[in-house]
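# An overview of the molecular structure
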Amino acid sequence: MGPVDRIEPPTEGAPVGEYTFNPPGPEPGAGPEQVIEGFLLAGTATQDDYGTAREFMAPKLAGEWRSTERTLVYDGGVKITKAAGEHAYVLNFEVASVIDARGIRVTADPGTTRSVPVELEQVDGQWRISGIPDGTMVSASDFPVLFEAYTAYFFDPTFSYAVPDIRWLASRQGVAASLATLMLEGPAPYLAEAVVSAFPEGTRLAQQAVPVESGVAGVDLTSDALDGTTFLDRQRMQQQLELTLGPLNTVSSIRMSVGQRDVEIGDRAAAGFEPAVKDPAVGSRQIAVLDGELVFYEGSAPVQDTQLPKVSQLNPREPALAPNGDEAAFLGDGGLFTIGADGAVRNVVAGAELTGPSIGPFGWVWTASGHGGTVSAVPLDQSGGSAAPVAAQWLAGVEVTDLRISRDGTRALLITQEGGEGKVQLAGIVRDGDGAPLRLSEPNELRSPVAADSAVWADETTVAVLDSGGSEAAVLGLDGSSEELGELDGMEEISAGNGPDNIYVQTPDAVYSRVGHSWAAQPPPVVLDPAFPG
């Protein structure tokens, strides 16, 4: 039997969310395999909680089937095979990714297959599905039309930064309610101990609805949502809702209520309230090496008249600049060195196989021992604090080739190598009550079209990766998207400023900046290892 038929997606440029699939319901007298084919095709119709798909089911299953429990995204077709049992079948296909009930997408390893059992029975003389696991199945070609990535926001533990958490939802009515529900349920597992929510645990929507009238989204919460809260707490709740629901094109403001009564948040900012920074900018200045000394590099020219100390005797390389621009770090002969705001140079980690330093927004410089899988964080305040090991059991026996801290300080981007296989991984940073890093959470993996050995953050939801051996680079979105950049022989280092269009790469002969799908050489002199703050 051939692949299951499907409706072709709309042509390129058709707006996502405005295209509606309308597959037919079951035909009278359809055989078991035709019913299964029709059910699969009906998985493209998300309206009315997959009402068309339920028409292919026996009444009992139609009432119990949980359509949003998970979505299996498959490549190619689905093979329907008769199984043991009088009316039993198996659906076999190659899995591209899986979306769970919380909208969290996990990309499958290439070649991963899945078998889904199906049972049928006759209802009033018509074949209907009587047994199938909860959830839907859609083709990889239909997926971009049926689903859209949304962002729920949380905070770093100091409430200084907004932290994005990407979720995938079917393009149907009720997105505001679904997104608010997922936000209230809490962050994705890898972020669970790295971020906080302004809402008390257990807070829920009073009803599974967020009506939007004249651009105002009404978020009505359960009666215990405000127990023991202050104006500061409520203002942070309001801000979290605005961050999460505000980007929806139907929403211009948020009305938060409990029992349909507006929540009082005060008419001015509460003591201690500061708007959380979303997608922190890093400016236009990079730090680099020129003629054996550290320099600043802005636009396309080095700035040599700086207050950076002379460190040529240490053979500096792979420098990093603190977000505040007053402190720095670099690798040199003897290990990792930091430069304090007073210009003092300090050797903080010894070793010859360290990854280039990365400096987060909370005053810590990070590095990893390349072959040992050991991560270290060192305070930058020159108080005499020594390097602290950051636990990450999942790195045991793994080579780390790069480590970069997100600009909100809650996530670590790592490039690892194990058994000849490279991975781009994202882990949450778990800290103690004083903000000192303790450990890295179990990571999420980002699929890369290039064999990356280094990476940088481009913005809060985008990273740029480089394969220095193959002279290839790519931009990866935390939503699972990827874009390969133009090839350029000899690429050795990569840096990214404010967004994926602001990318630089270095070759032995020049520094290049991204221009669309091409690279533009910057004028000499040629700096080495340019890096934006972070």
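Quantities reported herein were computed from a predicted structural model and do not represent experimental measurements.

### A look at the overall build of the chain
Helix and strand content of the chain: six helices and 37 strands. Relative to the globule expectation of 24 Å for 534 residues, the C-alpha radius of gyration of the chain, 26 Å, shows essentially globular dimensions. For the C-alpha atoms alone, the extent of the chain along its principal axes is close to 90 × 55 × 40 Å. Looking at the chain as a whole, 52% of its 534 residues qualify as buried. Restricting to contacts in the chain with at least 6 residues of sequence separation, those with at least 24 account for 54%. Accessible area for the chain stands at about 23300 Å²; split by element, carbon and sulfur atoms hold 47% of it.

### Structural notes on the pattern of salt bridges
Counted by the stated rule, this structure contains 14 salt bridges. We note a salt bridge from Arg66 to Asp134, for which the minimum N-O separation is 3.0 Å. Here Asp134 lies in the loop between β5 (126-131) and β6 (136-139) and Arg66 lies in the loop between α3 (59-64) and β1 (70-82), a separation of 68 residues in the sequence. The salt bridge partner of Glu483 is Arg514, with a shortest N-O separation of 3.0 Å. Highlighted residues: Glu483 in strand β32 (residues 482-484) and Arg514 in strand β35 (residues 511-515), separated in sequence by 31 residues.

### What about the environment of Ala412?
By secondary structure assignment, the location of Ala412 is in strand β25 (residues 411-418). Taking the C-alpha atoms as reference, Ala412 lies 5.7 Å from Leu426; in sequence the two are 14 residues apart. Dropping the residues within four chain positions of it, Ala412 is found in contact with Leu403, Arg404, Ile405, Gln425, Leu426, Ala427, Ile429 and Leu440.

### What to know about unusual backbone geometry
A cis amide bond links Pro524 to the next residue, Pro525, at an omega of 5 degrees. With respect to the helices, strands and loops of the structure, Pro525 is situated in the loop between β36 (518-521) and β37 (528-531). The backbone of Asp48 sits at a positive phi, close to 55 degrees, despite the residue not being glycine. In the Ramachandran plot, Glu318 falls in the positive-phi region, its phi being about 45 degrees despite a non-glycine side chain. Mapped onto the elements of the fold, Glu318 is located in strand β16 (residues 317-321).

### Here we look at the nonpolar core
Judged by nonpolar contacts, the single largest core of 98 residues is most densely connected at Phe39, Leu91, Ile132 and Met137. Counting residues per element, this core draws most heavily on helix α5 (residues 175-185), which supplies eight residues. The next biggest cluster of nonpolar side chains, apart from the first, holds 19 residues, and it includes Ala377, Leu395, Ala412 and Ala427.

### Re the sheet that holds strand β15 (residues 301-303)
Strand order in the open sheet formed by four strands is β15-β14-β13-β37, and the pairing between neighbours is antiparallel. Only two strands of the sheet have a single partner each, and these edge strands are β15 and β37. Each strand of the sheet is rotated relative to its neighbour by a mean of 35 degrees, with strand direction disregarded. Looking at chain direction, strand β13 (residues 285-290) and β37 are connected through two bridges and run antiparallel. The residue of β37 that forms the bridge with Ile287 is Ala531.

### Comments concerning the packing of aromatic side chains
According to the stated counting rule, one finds nine aromatic pairs in the structure shown. Arranged with centres 5.7 Å apart and planes meeting at 65 degrees, the rings of Phe39 and Trp65 form a pair that is edge-to-face. A residue pair is termed long-range when its members are at least 10 positions apart, and Phe39 in helix α1 (residues 32-42) and Trp65 in the loop between α3 and β1 qualify at 26 residues. Neither Phe39 nor Trp65 differs from the other in exposure class; each is buried. With a centroid separation of 6.0 Å and an interplanar angle of 55 degrees, the aromatic rings of Tyr504 and Phe532 are classed as tilted. You can see Tyr504 sitting in strand β34 (residues 503-506) and its partner Phe532 sitting in the segment after β37, a full 28 residues away along the chain. Just as Tyr504 is buried, Phe532 falls in that class too. Ring pairs connect the aromatic residues Phe39, Tyr50 and Trp65, which therefore count as one cluster.

### Brief notes about the sheet that holds β35
Strand order in the open sheet made by the four strands is β33-β34-β35-β36, with antiparallel pairing throughout. The open sheet has two edge strands, β33 (493-496) and β36, and neither has a second partner. For this sheet the average axis-to-axis angle between neighbouring strands, irrespective of direction, equals 30 degrees. Sheet topology note: the β34/β35 ladder contains three bridges and is antiparallel. Looking at the pairing, Val505 lines up with Tyr512 of β35.

Quick notes on the rules
Residues numbered from 1 in each chain as written. Predicted model: local features only at pLDDT ≥ 70, side-chain atom pairs only at ≥ 80, totals over all residues. Heavy atoms only, no water. Helix = DSSP H or I, 4+ residues; strand = E, 2+ residues; numbered from the N terminus. Rg over C-alpha atoms; globule rule 2.2 N^0.38 Å. Buried < 20%, exposed > 50% of the residue type's maximum accessible area, 1.4 Å probe, protein only. Contact = heavy atoms within 4.5 Å. Areas by Shrake-Rupley, 256 points an atom, 1.4 Å probe, with all protein chains shown as cover. Salt bridge = Lys/Arg side-chain N within 4 Å of Asp/Glu carboxyl O. Core = buried A, V, L, I, M, F, W, Y, C linked by side-chain atoms within 4.5 Å. Pairing = 2+ DSSP bridges. Axes fitted to C-alpha atoms, helices over the stretch in contact; angles between N-to-C directions. Phe/Tyr/Trp six-rings, centres within 6.5 Å; stacked < 30°, edge-to-face > 60°.

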